[in-house]
Amino acid sequence: MKKLAKRLSSLFVCIAVIASIAFEVSKGFDRSYRATATLQVDHRYHDPQLDRDDRDSLVSIKDEVRTVALTLNNRPLMQRIILENELFNNASFTSLIPGTNSLETGSRKLSRAVHSEVIEGTRLVTMSVTFPEPTLAKNLANLIAKGYIKQQVSHNLNNNRSADAVLTNDIERLKIKLQLSDQELTDFRRSKNIYVPLAGQHEMLISEMRELKDQISETEKKEFQLDNDLEIVSNFGESPTSRQLRQVMRMMDTTELDLYDKRRIEQEWFVNRLVAQHGTEHPVVIIERELVETLELRINTLLLQHISTMGAQREELKQERAILETRAKIAATEMQALDKVRLEYNTLEREVKRFRTRYQSAIRRLEETDPSSGLKERTIVIVEEAHEANEITPRLVPRFAVSLGIGLASGILPILGLRQI
C-alpha cells in the first residue's frame, strides 16, 4: 500500500509539472519588438569670436547631443503623443496598462519603453521604442522623434515670445519715464523763463561782465589821474601860471585849447615879423601884440575853468565807477543764478536724453527681433525614420521557472495531504 501511494504521488507530481508547463507554453512567449529612428543634432553659435575666446561660457556640441539623448523620453512629450494620437483607443497600447486609462500612468509606461543613446564620435542619436506590437513600435518611434523636434521648436518660440513681451514692457516703461522727464524739463523751462538757449545767455553775461570790467578799469585809471592832477594844482599855489596849468591838461577836452594855442603861435610869429620890419613901438606891432595877449588870456581862462571842474569830474567818476561796480555785482549774481539753472537744466536734459536713447535702442531691438531667432542655433533633423520593428529575444527562462514552480507546488501539496490522512 505504501509503495502504491509513493508511486501514485510521484506520478501525480510529474503529471502536475507537465500540465503546468504545457499550460504556460500554450499561452506563448512574451515577444517584444524594437523600432529605431536616428536623429542628427547641430548647433551653430552666433559669435565666432566669442566661441574662440570664451569657450567655457558655451555648451559644447557634445553636451548638446547628450542633452537631446537624455530628454527624448520626457514626460510632457509622452503625454502629448498619447493625447494627439488617441493611443488609449489602441488595444495594443492599452495592453501595457490594463484596467486604466490614466494619462500619468500611460506616459510613464511609454517613457520607460523609450531608449536613446549617442553614437560615439558623431552628432547622431539613436532612439528606439520597445513594444509588443511591431507596427505600433515603429509608429511610436517616428511619432516621438517628430514630436520631440516640434516640442523644441515650440519651446524656442515660447521663449522668444516671452522675451518680446519683456522687451515690450520695458519699452512702455521707458516711454512713460521719457514723457515724465520731458514734461519736467518743459515745466522747468517755463518756471525759469528759459526762452533762449542757456549757452547764449551765458555768453552774453560773460561779454557784459568783461565789458563792465574794462569800463571799471578805465574809470579807475581816469580817477587816479584826476587825483594826481588835483594834487599837482594844489602845489602851484593861488596863482598858477599858464605853463604850470598845462601840466594838468590830460583830463580836459583840448580841441578848443589847441585851436587858441595854434592861433597864439601864429600870432606871435606874425608879431615877430612886424617887429623885425617896423620895430617894437610901431602901432601895428602894438595892436598885434595885444591880440597875442588876448589869446594867452583865453588859454589861461580855459585852463582855470578846467581846474575848477576837476573836483566835480572826480565825483562824477566816483559815481560812474560805483554804478559800474553795482552792474558788475548784478551780472555776477545773474551768472551764479544762471550757473545753478544750467546745472539743474543740464541734469534734467541728460535724463531726457538718457531715457530717449534707451527708448530708441529698445525700439530698434524690438524691430530687429526675429520671432524665429534661435531656432537655427540647435537644428535637430531625422536622419532615418524607423521603417520596421525587429523582434528581440523572448524571455524563455522566466516562463519555464514559473511553470516548474507551479507544477511542483501542485504535485507536492496533495501528497502532503495524503500522508497526513
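The structure displayed is predicted, hence computed values, not measured ones. Along each chain, the written sequence defines residue order, and numbers are assigned to residues from 1. Totals for whole chains, interfaces and linings use every residue, but because this is a predicted model, local features are given only for residues with pLDDT of at least 70 and side-chain atom pairs only at 80 or more, for both listing and counting. Hydrogens and waters are ignored; side-chain quantities use all the structure's heavy atoms.

Trainee: Where do I start with the overall build of the protein in this structure?
Mentor: Counting from the N terminus, the helices are DSSP H or I runs at least four residues long and the strands are E runs at least two residues long. The number of helices and strands found in the protein is twelve helices and five strands. Summary of the burial criterion: residues with accessible area below 20% of their type's maximum are buried, those above 50% are exposed, and those between are partly exposed, where the area comes from a 1.4 Å probe applied to protein chains only. For the protein, the proportion of its 421 residues judged to be buried stands at 28%. Whether two residues are in contact is decided by their heavy atoms, any of which lying within 4.5 Å being enough. Nonlocal contacts in the protein, meaning residues at least 24 apart in sequence, comprise 79% of its contacts between residues at least 6 apart. Summing over all exposed atoms, the protein offers an accessible surface of approximately 27700 Å²; the carbon and sulfur share of this is 54%. Surface accessibility in these figures is a Shrake-Rupley result with a 1.4 Å probe; residues are shielded only by whichever protein chains are displayed.

Trainee: How do you make sense of helix α8 (residues 198–234) when you look at a structure like this?
Mentor: Each α-helix turn comprises 3.6 residues. Residues three or four places apart therefore point the same way. What a helix should span is 1.5 Å times the count of its residues minus one. Along its 37 residues, α8 runs 53 Å from first to last C-alpha, staying within 8% of the 54 Å computed at 1.5 Å per residue. Taken together, the buried positions of α8 are occupied by L198, H202, L205, L212, I216, T219, E223, L226, D229, L230 and V233.

Trainee: What should I look at first to understand the packing of aromatic side chains in this one?
Mentor: The geometry of an aromatic ring pair comes down to the distance between the two centres and the angle between the two planes. Here is the rule: rings of Phe, Tyr and Trp (six-membered ring for Trp) pair when centre to centre is within 6.5 Å. Planes less than 30 degrees apart are stacked, more than 60 are edge-to-face, and the remainder are tilted. Evaluation of the coordinates by the stated rule reveals two aromatic pairs. Measuring from centroid to centroid gives 6.3 Å for F88 and F93, while their planes differ by 65 degrees, and the two rings are edge-to-face. Overall, F88 belongs to the partly exposed group, its relative accessible area being 21%. You can call F93 buried: its relative accessible area is 1%. With centroids separated by 6.1 Å and ring planes inclined at 10 degrees, the aromatic side chains of F93 and F131 adopt a geometry described as stacked. Of this pair, F93 sits in helix α5 (residues 91–94) while F131 sits in strand β3 (residues 124–131), and the two are 38 residues apart along the sequence.

Trainee: For this particular structure, what's the right way to read the pairing of β3?
Mentor: The two faces of a sheet get side chains in turn, since along a regular strand they alternate between them. In terms of residue burial, β3 counts as a mostly covered element, since six of its eight residues are buried. Here strand β2 (residues 114–118) runs beside β3; their pairing, made up of five bridges, is antiparallel. By the bridge assignment for β3, E117 is matched with T126. In this analysis, strands are considered paired if DSSP registers two or more bridges between them. If you look at the hairpin formed by β2 and β3, you'll find five residues sitting between the two strands, and G121 has a positive phi there, around 80 degrees.

Trainee: Honestly, the environment of A331 in this entry has me stumped. Any pointers?
Mentor: Note on placement: A331 falls in helix α11 (residues 283–368). On the accessibility criterion, A331 (1% relative accessible area) is buried. A331 has contacts with L205, M209 and L212, leaving out every residue within four places of it along the chain.

Trainee: Would you mind showing me how to read the packing of helix α4 (residues 75–84) against helix α6 (residues 103–113) here?
Mentor: Relative placement of two packed helices is described by the angle separating their axes and the distance separating the axes. Their axes nearest at 9 Å, the elements α4 and α6 cross at an angle of 110 degrees. One way to sum up the angle between α4 and α6 is to call them roughly perpendicular. In terms of crossing hand, the pair formed by α4 and α6 is right-handed. Taking contact as the criterion, the partners of R75, M78, Q79, I82 and L83 in α4 are, on α6, L103, E104, G106, S107, R108, L110 and S111. For this classification, the nonpolar set comprises Ala, Val, Leu, Ile, Met, Phe, Trp, Tyr, Cys and Pro, the charged set comprises Asp, Glu, Lys and Arg, and every other residue, Gly included, is treated as polar. By residue class, the composition of the contact of α4 with α6 is five nonpolar, four polar and three charged. Simply put, an axis is a line fit to the C-alpha atoms, just over the touching stretch for a helix, and the angle between two N-to-C directions goes from 0 to 180 degrees. An angle below 35 degrees is read as roughly parallel, one above 145 as roughly antiparallel, one from 65 to 115 as roughly perpendicular, and any other as oblique. Put simply, a crossing is left-handed when the front helix is turned counterclockwise from the back one by less than a right angle, and right-handed when it is turned clockwise.

Trainee: Quick question: what am I supposed to make of unusual backbone geometry here?
Mentor: Across residues other than glycine, the phi torsion is negative in most instances, and most of the peptide bonds are trans. One non-glycine residue, E86, adopts positive backbone phi at about 50 degrees. Within the element layout of this structure, E86 appears in the loop between α4 and α5. For E86, a relative accessible area of 52% corresponds to the exposed category.

Trainee: I keep staring at the pattern of salt bridges and nothing clicks. Help me out?
Mentor: Pairs can form between side chains of opposite charge whenever their charged atoms are close. For this document, the term salt bridge refers to a Lys or Arg side-chain nitrogen within 4 Å of an Asp or Glu carboxyl oxygen. Considering all chains together, one arrives at seven salt bridges under this definition. Linking K146 and E385 is a salt bridge whose minimum nitrogen-to-oxygen distance equals 3.5 Å. On the criterion of sequence distance, the pair formed by K146 in helix α7 (residues 134–191) and E385 in the loop between β4 (378–384) and β5 (390–392) is long-range, its members being 239 residues apart. Accessibility expressed as a relative area gives 40% for K146, which makes it partly exposed. R321 serves as the salt-bridge partner of E223, at 2.8 Å between the closest nitrogen and oxygen. Here the residue E223 occupies a position in helix α8, and R321 occupies one in helix α11, the gap between them amounting to 98 residues. On the basis of relative accessibility, which here comes to 8%, the residue E223 falls in the buried class.

Trainee: It is not clear to me how a negative patch on the surface should be interpreted in this structure. Could you clarify?
Mentor: Judged by side-chain charge, E208, E211, D214, E218 and E334 come together as a negatively charged surface patch. The element that contributes the greatest number of residues to the negative patch is α8, accounting for four residues. For E334, the position within the fold is in helix α11. Owing to a relative accessible area of 40%, E334 belongs among the partly exposed residues under this scheme. In this scheme, patches are assembled from residues that exceed 30% relative accessible area and form no salt bridge. Like charges are connected within 9 Å, while nonpolar side chains (Val, Leu, Ile, Met, Phe, Trp, Tyr) are connected within 5 Å. For this count, His and the chain ends are skipped, Lys and Arg are scored as positive, and Asp and Glu as negative. By convention, the point assigned to a charge is CZ for Arg, NZ for Lys, CD for Glu and CG for Asp.

Trainee: Would you take a moment to explain helix α3 (residues 61–71) for this structure?
Mentor: Turning to α3, its buried residues number three or more, namely E64, V65, V68 and A69. Projected down its long axis, α3 shows its buried positions confined to an angular sector of 135 degrees, all on one face. Turned more than 90 degrees from where α3 packs its buried face, K62, R66 and L70 sit exposed. The arc in question is formed by the directions pointing from the helix axis toward the C-beta atoms.

Trainee: Can you help me understand the environment of R173 in this one?
Mentor: Along the chain, R173 falls in helix α7. Residues R173 and Y359 lie 186 residues apart in sequence; the distance between their C-alpha atoms is 9.0 Å.

Trainee: In this structure, what is going on with the nonpolar core? I would like to understand it.
Mentor: Nonpolar side chains tend toward joint burial in soluble globular proteins. Buried Ala, Val, Leu, Ile, Met, Phe, Trp, Tyr and Cys residues that are joined via side-chain atoms within 4.5 Å together make up what is termed a nonpolar core. In this structure, L87, F93, M127, V129, L140, I144 and I380 are the most contacted members of the largest nonpolar core, which totals 32 residues. Broken down by element, this core gets its largest block of residues, eight residues, from α7. Apart from residues lying up to four places away in sequence, I144 is in contact with L72, L77, M78, I81, V114, M127 and V129. One finds L174, L185, F188 and L205 within the second-largest nonpolar core, a separate group that totals 16 residues.

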